Amino acid sequence: MLERLRSIVQEVSAAKDLQSALDIIVNRVRDALDTHVCSIYLLDQDFHCHVLMASEGLNQEAVGRVSLELGEGLVGLVAKHAEPVNLRDAPRHRNFCLLEETGEEDFHAFLGVPIIHHRSVLGVLVVQHGDLRRFDEGEEAFLVTLSAQLAGVIAHAEATGAIEGVSPSGHRIFDTAFAGVSGCAGVAIGTSVVVYPHADLSRVPERMIEDVEAEIDFFNSCLNAVRGEMREFNERLAGQLAEEERQLFDAYVRILDDDALGNEVVARIRMGHWAQGALAWVAGEHLRAFERMEDEYLRERAVDIKDLCARVLAHLQQEKPDKPEYPEDTILVGEELTASMLAEVPKDKLRGLISVKGSGNSHVAILARTMGTPTVMGAVDLPFHQLDGKQLIVDGYKGEVVTNPSAHLLEQFRATIREEEELNRDLAGLRDLPCETADRHRVSLQVNTGLMSDVLRSLDQGAEGIGLFRTEVPFLLAERFPGEQEQTEIYREQLDTCAPKPVTMRTLDIGGDKALSYFPIEEANPFLGWRGIRVTLDHPEIFTAQVRAMMRAGIGLENLQIMLPMVSNLREVEAAVGLIRKSYHELLQEGEELPFPPIGVMIELPAAVYQTRALARMVDFVSIGSNDLTQYLLAVDRNNPRVANLFSSFHPAVLSALQFVVDQAHAESKPVSICGEMAGNPGAAVLLVAMGFDILSMNASALPRVKSVIRSMTLKACRDLLRKVIQMDDEQMIRNAVDMALYEAGVDRLLRSQRVN
Ligand code: PEP
Ligand code: MG
């Protein structure tokens, strides 16, 4: 049974479109269960009905034509309760509704199972039999398992149709929304540019070309280059491999010949596709054919084809690297966007970002917030391969991508963009006003930065300093570890631009989801592994070069503070401070004149929360990294879109941990800041002020809104709200209470930006 399941799922996954996928399912399931009928009904949301989309055993003329209203018939019953219905004699059931065109009056036994994807019922898979009998438990279990496995494939195929503006039953549709999570609040309308990592056949975008002949010549030259390589391998390995093994290379050369694979690619280029896309398509067709083969030896040959085609692709990409043209209104789309992909887009052209993987707390989302670019993360169902060049709406408030937008929806979103611009203009007036509550309680608002451009933007928004400079950002954008002098220059620019305002530089925090291409860390559980200070203490040469660069950069400015990430025990702080002291004394010996900088520790782990007091005694300040602290307190991977809805800064456990840290640090008379994304949420900021935080450090785009909220409320009102919510045990109740308080303070215009986290 398992083998059968596996082979059906594999075959369906390889289908080229929704209809072929459905046809394969009904055909193979009818055989597998040896029944008379197998049919699939899919929900057509725009027409509120279940349409018979494929069938083996019912009249073919009915397929695509007949439908049942929601709740109608046995199909409606299965969909409504999202549960299987297994009947010995279906026509006797009160819900039975005879669809005459289908010819189903001859069938008695009925088993329908829902097709459920992400909690919603996409349709119903039905088997029917002429005998009066119940399908047995094994058959029911088979169908349920199959349906669960196929739901994702069907959802994907449906989505592919939807972005072309076609509903499952072939109607024209608009405004198809794909859910993700918010990465950066705001709305953008633009043209998508899909970016891919290189030399991966499954990640080649579709592009059309004009000059077909030139593209064919180009393809042929790359093909020749690979043929040459194969012959070279063959000669080089003569004497090392047996003749039969070396024949493989001859076989490779033959596959590449004009009348085989090469020819098919050329034919597709003639249809107007670019060489990379044509090659990927042809390779895909061959791979699917090989993978379907029963013979294991032949199945294995799929690997050879893949390897060969990847070689040709590498040549195509090397000769003509895929540097996309960025339109004026670029929406950058990728399976997993990286900082360097972002960096390649000219800033003035970037309107929005969509990453299929990752969540609102991934570092790429944090970068997006720093830049103020509306972003949707974790749009896992978005068929992004097909999106290149399409018009899209990025709704960074809701965490949603809308494809095929209608004129009406576009107008609505344009109005939102205008409102936003107006709000930002109003908030710009706050730039030089102090951040204090209506009853004059001062809080320092600072910003989180990573790049030089962030600093300039931040100062523009009226920041009082940099509460977190993520030094790993320049490391992520480099191709090797930057040397001490290079780092000194980068840090000097930040310190100098900000002086005399303080700049808190965090020592290198790599690991987790921040991987340096030139220093790969492969781990099963990267967030519980070699991260942050654990890496740098194991590599004192990296740590020392960095802190020396920081201190040298700060000479004469006196605004440097150094902060240690991911601390889980006192010894780490002792060791790190020891290394900083050593570097400091070396600099003095080298003749530099500088003060010893204030050192701070980040509280990001539950262990550190409970040791706040002891840690605070060892350093000059404490800063809470609420992104990681929330991740570790709630055991929710900050990067995983599946559990993104569980990641909440308003969770009662998070709030009480924060209050505990503030009290403990203040008991040692040490200032406390918070530099996680939570600080940039206007509602959360009100609670943080009440808790007693001295500094809130956030992304630059959030700063004006947070300032506006704080200036609109009294400290007393903030504290009253905190007293109320700290008694609550449910995060949704807490959010509601905070929303209500903002509403009462008359700042509900800012509520939209609260959705993040
Ligand atoms: C945090 O964890 O809250 C933090 C500020 O650090 P990062 O997001 O860079 O891990
Ligand atoms: Mg962190």
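> Requested: an account of the overall build of the chain, with residues and values cited.
Each helix and strand counted, the chain has 26 helices and 22 strands in total. Computed over its C-alpha atoms, the radius of gyration of the chain comes to 30 Å, within 12% of the 27 Å expected for a compact globule of 757 residues. Here the chain holds 757 residues, and 54% of them are scored as buried. If you sum the accessible surface of the chain, you get close to 32800 Å²; carbon and sulfur atoms cover 49% of it. In the chain, 74 positive and 113 negative side-chain charges are present, and the distance between their average locations comes to 6 Å.

> Lay out the coordination of the magnesium ion (ligand 2) in plain terms, naming residues and giving numbers.
Note on the magnesium ion (ligand 2): its protein donors are Glu-604 (OE) and Asp-628 (OD). The metal-donor distances range over 2.0 Å. Here Glu-604, found in the loop between strand S19 (599-603) and helix H19 (606-610), pairs with Asp-628, found in helix H21 (residues 626-634); they are 24 residues apart in sequence, far enough to count as distant. Its relative accessible area of 2% is what places Asp-628 among the buried residues.

> Report on the packing of helix H2 (residues 18-33) against helix H4 (residues 137-163), specifying residues and quantitative values.
A pair of packed helices can be characterised by two numbers: the angle between their axes and the separation between those axes. Between H2 and H4, the least distance of the axes is 11 Å, while the angle of their chain directions is 170°. Between H2 and H4, the angle falls in the class roughly antiparallel. Judged by residue contacts, Leu-18, Leu-22, Ile-25, Val-29, Ala-32 and Leu-33 of H2 engage Glu-139, Phe-142, Leu-143, Leu-146, Leu-150, Ile-154, Ala-157 and Glu-158 from H4.

> So what's going on with the pairing of strand S15 (residues 444-449)? Residues and values would help.
As a general feature of sheets, a regular strand has side chains that alternate between the two faces. The buried fraction of S15 is high, at six of six residues. The sheet contact formed by S15 and strand S22 (residues 695-698) spans four bridges and is parallel. Paired with Gln-446 across the strands is Ser-697, a residue of S22. Direction of pairing for S15 relative to strand S16 (residues 466-470): parallel, over a ladder of three bridges. Bridging from a neighbouring strand, Thr-449 pairs with Phe-469 of S16.

> Go over helix H25 (residues 715-726) with me, naming the residues and quoting the values.
Spanning 12 residues, H25 covers 16 Å between terminal C-alpha atoms, matching the ideal 16 Å at 1.5 Å per step. Listing the buried residues of H25 in full gives Leu-715, Cys-718, Leu-721, Leu-722 and Val-725. Angularly, the buried residues of H25 cover 125° about the axis, an arc narrow enough to put them on a single face. On its buried face, H25 sits against helix H22 (652-667), helix H23 (682-691) and helix H26 (731-744).

> Any chance you could break down the sheet that holds strand S3 (residues 67-69) for me, citing the residues and the numbers?
Reading across the sheet, the six strands line up as S3-S2-S1-S6-S5-S4 and stay open at both edges, with antiparallel pairing between neighbours. With partners counted over all chains shown, the strands left at the sheet margins are S3 and strand S4 (85-87), one partner each. On average, each strand axis in the sheet is tilted by 20° relative to the strand beside it, whichever way the strands run. As paired strands, strand S1 (residues 37-44) and strand S2 (residues 49-56) are joined by seven bridges and run antiparallel to one another. Note that in S2 the partner of Tyr-41 across the bridge is Leu-52. Lying on the sheet, helix H3 (residues 73-81) is in contact with S1, S2, S3, S4, strand S5 (109-117) and strand S6 (120-129); it crosses S6 at an angle near 135°. Together, S1, S4, S5 and S6 form the strand contacts of H4, whose direction differs from that of S5 by roughly 40°.

> Explain the nonpolar core residue by residue, including any values.
Counting 102 residues, the largest nonpolar core has Leu-564, Leu-658, Ile-674, Leu-688, Phe-693, Leu-696 and Val-725 as its most contacted members. Residue contributions to this core peak at eight residues, all from H23. Excluding anything up to four places from it in sequence, Val-725 contacts Leu-655, Leu-687, Ile-734, Ala-737 and Val-738. Ile-40, Ala-109, Val-127 and Ala-151 belong to the second largest nonpolar core, which has 37 residues in total.

> Before we move on, can you summarise the site of ligand 1 with the specific residues and values?
In the vicinity of ligand 1 there are 17 residues, among which Arg-470, Arg-506, Glu-604, Asn-627 and Arg-638 approach most closely. Between ligand 1 and the protein, one listed contact pairs an oxygen atom with a backbone N or O atom of Ser-626 at 3.0 Å. For ligand 1, whose unbound accessible area comes to 290 Å², protein coverage reaches 100%. Of the residues that constitute the shell around ligand 1, the class distribution is four nonpolar, five polar and eight charged.

> For the packing of helix H15 (residues 484-498) against helix H17 (residues 540-553), give the residues involved together with the corresponding values.
Orientation of H15 relative to H17, taken along the N-to-C sense of each, is 45°, at an axis distance of 8 Å. On the basis of the axis angle, H15 is oblique to H17. Classified by chirality, the crossing of H17 by H15 is right-handed. Contacts from Glu-484, Gln-485, Gln-487, Thr-488, Tyr-491, Arg-492 and Leu-495 of H15 reach H17 at Ala-545, Gln-546, Arg-548, Ala-549, Met-550, Arg-552 and Ala-553. Residues of the contact of H15 with H17, tallied by class, amount to six nonpolar, four polar and four charged.

> Go over the side chain of Ser-55, please, and point to the residues and values.
Structurally, the position occupied by Ser-55 is in strand S2. Given a relative accessible area of 4%, Ser-55 falls into the buried group. Polar contacts involving the side chain of Ser-55 include one to the main-chain amide nitrogen of Leu-58, which spans 3.3 Å. Sequence-distant contacts of Ser-55, defined by excluding residues within four places in its chain, comprise Val-26, Val-37, Cys-38, Ser-39, Gln-60 and Val-63.

> Help me get a handle on unusual backbone geometry, residues and values and all.
In this model, Ala-499 is joined to Pro-500 through a cis peptide bond whose omega is 5°. Here the phi dihedral of Asp-34 falls at roughly 50°; this positive angle occurs in a residue that is not glycine. Of note, Asp-34 is situated in the loop between H2 and S1.

> Just give me the short version of the sheet that holds S19, but keep the residues and values in it.
Spatially, S15-S16-S17-S18-S19-S20-S21-S22 is the arrangement adopted by the eight strands of the closed barrel, whose pairing is parallel. Sheet twist, expressed as the average angle between the axes of neighbouring strands with direction ignored, equals 25°. Packed onto the sheet, helix H18 (residues 570-589) meets strand S18 (560-564) and S19 and runs at close to 145° relative to S18.

> How would you summarise the pattern of salt bridges if you had to cite specific residues and measurements?
Using the criterion set out here, one finds 33 salt bridges in the structure. The salt bridge partner of Glu-213 is Arg-270, with a shortest N-O separation of 2.9 Å. Taken together, the residues span a long stretch of sequence, with Glu-213 in helix H5 (residues 212-236) and Arg-270 in helix H7 (residues 261-270) at a distance of 57 residues. The partly exposed category is assigned to Glu-213, whose relative accessible area is 44%. Judged by relative accessible area, Arg-270 falls into the partly exposed class, the value being 48%.

Rules and cut-offs
- Residues numbered from 1 in each chain as written.
- Chains lettered and ligands numbered in written order.
- Predicted model: local features only at pLDDT ≥ 70, side-chain atom pairs only at ≥ 80, totals over all residues.
- Heavy atoms only, no water.
- Helix = DSSP H or I, 4+ residues; strand = E, 2+ residues; numbered from the N terminus.
- Rg over C-alpha atoms; globule rule 2.2 N^0.38 Å.
- Buried < 20%, exposed > 50% of the residue type's maximum accessible area, 1.4 Å probe, protein only.
- Areas by Shrake-Rupley, 256 points an atom, 1.4 Å probe, with all protein chains shown as cover.
- Lys, Arg positive; Asp, Glu negative; His and termini not counted.
- Charge placed at Lys NZ, Arg CZ, Asp CG, Glu CD.
- Donors = N, O, S within 2.8 Å, 3.2 Å for Na, K, Ca; no water.
- Axes fitted to C-alpha atoms, helices over the stretch in contact; angles between N-to-C directions.
- Parallel < 35°, antiparallel > 145°, perpendicular 65-115°, else oblique.
- Contact = heavy atoms within 4.5 Å.
- Pairing = 2+ DSSP bridges.
- Expected span 1.5 Å × (residues − 1).
- Arc of directions from axis to C-beta.
- Core = buried A, V, L, I, M, F, W, Y, C linked by side-chain atoms within 4.5 Å.
- Near = heavy atom within 4 Å.
- Polar contact = N/O pair within 3.5 Å; in protein donor to acceptor, adjacent residues only side chain to side chain.
- Nonpolar A, V, L, I, M, F, W, Y, C, P; charged D, E, K, R; others polar.
- Left-handed = near helix turned anticlockwise from the far one by under 90°.
- Salt bridge = Lys/Arg side-chain N within 4 Å of Asp/Glu carboxyl O.

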